[in-house]
Amino acid sequence: MKLMPVGTRVAAVAAAGALLAGCGGPASKGGGGPDPKPSGSAKQGSRAADGQKPGATGKPDAQESTLPGALPSAYTFTPNPARVPKSAAQARKLTRNAALGEADWTAGMVRHAPYESGGSRPVLPDSCVWTRSALPSGVLDSFTRRLDIPARDGRGRVQGAVTVTVHRSVAGADREIKDTVQESFRCPRQELGGGQRLSGLMSLRFDQKDVRNADASLFEAGKYTGPESGGIQDYVWTKSRIGPVTTAVSVKGAKGYRNSDLLRIAAEGGAKVLYRVELELK
């Protein structure tokens, strides 16, 4: 694999991440997105499959335009203390309601196998091989759903995942964001298991003034390879925080998909899951 100079890679990650930061707007709350109340089973984002902006929020100030698509100047949402989970049971309800199902993300997605995992947390030890461990005392629940865009029309299978984690405190959630940025520097090459590998990873935490749909957000990009990947593909990942809740959306590329395609998919998923977290905390 031909590697870009580090400075070039940083600039590329920053440019791609800028497409995700602050996207979405208050007008999208009433737009053409899916029902915000998922059944048993969003605000970083680009346009949804129907051409409408997915539901990012944030309250514009009085000087700001309220025209459709207008962006807030800053993120001002404050969780309702009565709605913030205090127990594991309350946290499980939030994570299941907020996580996206196959009809919720982007058109044509299907369930991956395995589809759901919960009650544990991914951990990246010094070996740079991902594993899972029991939830630490500071985490009430963590839940993941995996969704694919099937191979068709000469293009390969794209793999997506959405994780929602509820911490006992805002400080714990913010620590997760900070630790995630360091992981790509500590482990620029990572093993996911099952022959899946990430390489050339670079992370960027956004300046808060550039984030319009969460209390904190970061973006990560690199390369992915694995069984049936059709060679080395692009990989993008975004993580955000609203109060004590973090959301993560990853997208593994496939043959026939450009990096811009993956950014759109990740942005749409990130927008919708953050919107749902807001609804649970409102």
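Quick note: structure is the one above.
Residues numbered from 1 in each chain as written. Predicted model: local features only at pLDDT ≥ 70, side-chain atom pairs only at ≥ 80, totals over all residues. Heavy atoms only, no water.

Colleague: Outline the nonpolar core, supporting the account with residue identities and numerical values.
Modeller: Of all hydrophobic cores here, the largest spans 39 residues; its most connected members are W105, V158, V164, I242, V251 and L281. Listing elements by their share of this core, those giving two or more residues are helix 2 (88-98), strand 4 (139-149), strand 5 (158-167), strand 8 (216-225), strand 9 (233-242), strand 10 (245-252) and helix 4 (259-281). By size, the runner-up hydrophobic cluster in this structure holds six residues, among which are Y224, Y235, W237 and A248. (Core = buried A, V, L, I, M, F, W, Y, C linked by side-chain atoms within 4.5 Å. Buried < 20%, exposed > 50% of the residue type's maximum accessible area, 1.4 Å probe, protein only. Helix = DSSP H or I, 4+ residues; strand = E, 2+ residues; numbered from the N terminus.)

Colleague: Tell me about helix 4, and please be specific about residues and values.
Modeller: The terminal C-alpha atoms of helix 4, which comprises 23 residues, lie 33 Å apart, in line with the 33 Å expected from a rise of 1.5 Å per residue. For helix 4, the tally of buried residues reaches 20 of 23 residues, placing the bulk of the element in the interior. (Expected span 1.5 Å × (residues − 1).)

Colleague: Report on the layout of surface pockets, specifying residues and quantitative values.
Modeller: Within this model, the largest pocket holds a volume of roughly 1300 Å³. In this structure, the largest pocket is lined by 48 residues; those nearest its centre are P122, W130, R132, T144 and T163. Of the residues assigned to the lining of the largest pocket, the class counts are 16 nonpolar, 20 polar and 12 charged. (1 Å grid on protein atoms, 1.4 Å probe; cavity = no way out; pocket = protein on both sides within 12 Å on 5 of 7 lines; lining within 4 Å. Points joined across faces, edges and corners; volume = space filled by probe spheres on them. Nonpolar A, V, L, I, M, F, W, Y, C, P; charged D, E, K, R; others polar.)

Colleague: Tell me about the sheet that holds strand 10, and name the residues and values.
Modeller: Reading across the sheet, the eight strands line up as 1-4-5-10-9-8-7-6 and stay open at both edges, with antiparallel pairing between neighbours. Here the strands that pair on one side only, and so sit at the sheet edges, are strand 1 (110-118) and strand 6 (190-193). Strand-to-strand, the axes of this sheet are offset by a mean angle of 20°, without reference to chain direction. Here strand 5 pairs with strand 10 via eight bridges, running antiparallel. Bridged to V162 within strand 10 is V249. (Pairing = 2+ DSSP bridges. Axes fitted to C-alpha atoms, helices over the stretch in contact; angles between N-to-C directions.)

Colleague: Help me get a handle on the side chain of S184, residues and values and all.
Modeller: Checked against the element boundaries, S184 lands in helix 3 (residues 170-186). A polar contact of 3.2 Å, which involves the side chain of S184, links it to the backbone oxygen of V181. Beyond its immediate stretch of four places on either side in the chain, S184 contacts Q190, L201, M202, S203 and E220. (Polar contact = N/O pair within 3.5 Å; in protein donor to acceptor, adjacent residues only side chain to side chain. Contact = heavy atoms within 4.5 Å.)

Colleague: Explain the packing of helix 2 against helix 4 to me, using residue names and the numbers behind them.
Modeller: Think of two packed helices as two axes; the pair is described by the angle between the axes and how far apart they sit. Running from N to C, helix 2 and helix 4 point in directions that differ by 145°, and their axes come no closer than 9 Å. By crossing handedness, the relation of helix 2 to helix 4 is classed as right-handed. Taking contact as the criterion, the partners of L94, N97 and A98 in helix 2 are, on helix 4, V273, R276, V277, E280 and L281. Its residues assigned to classes, the contact of helix 2 with helix 4 comprises five nonpolar, one polar and two charged. (Left-handed = near helix turned anticlockwise from the far one by under 90°.)

Colleague: Before we move on, can you summarise empty space enclosed by the protein with the specific residues and values?
Modeller: Considered as a void within the structure, the largest cavity measures approximately 40 Å³ in volume. For the largest cavity, the full set of lining residues is R157, Q159, Y224, P227, E228, S229, G253 and A254. Of the residues assigned to the lining of the largest cavity, the class counts are three nonpolar, three polar and two charged.

Colleague: Hey, could you go over the environment of G230 for me, with residue numbers and the actual values?
Modeller: Turning to its location among the elements, G230 is positioned in the loop between strand 8 and strand 9. Residues G230 and R155 lie 75 residues apart in sequence; the distance between their C-alpha atoms is 9.8 Å.

Colleague: Run through the packing of aromatic side chains, naming residues and quoting values.
Modeller: Counted by the stated rule, this structure contains one aromatic pair. Where Y75 meets F77, the ring centres are 6.4 Å apart and the plane angle is 50°; that geometry is what we call tilted. The exposure classification of Y75 matches that of F77, with both residues buried. The ring of Y257 has R155 sitting right over it, with the charged end atom 3.9 Å from the ring centre. (Phe/Tyr/Trp six-rings, centres within 6.5 Å; stacked < 30°, edge-to-face > 60°. Lys NZ or Arg CZ within 6 Å of the ring centre and 35° of its normal.)

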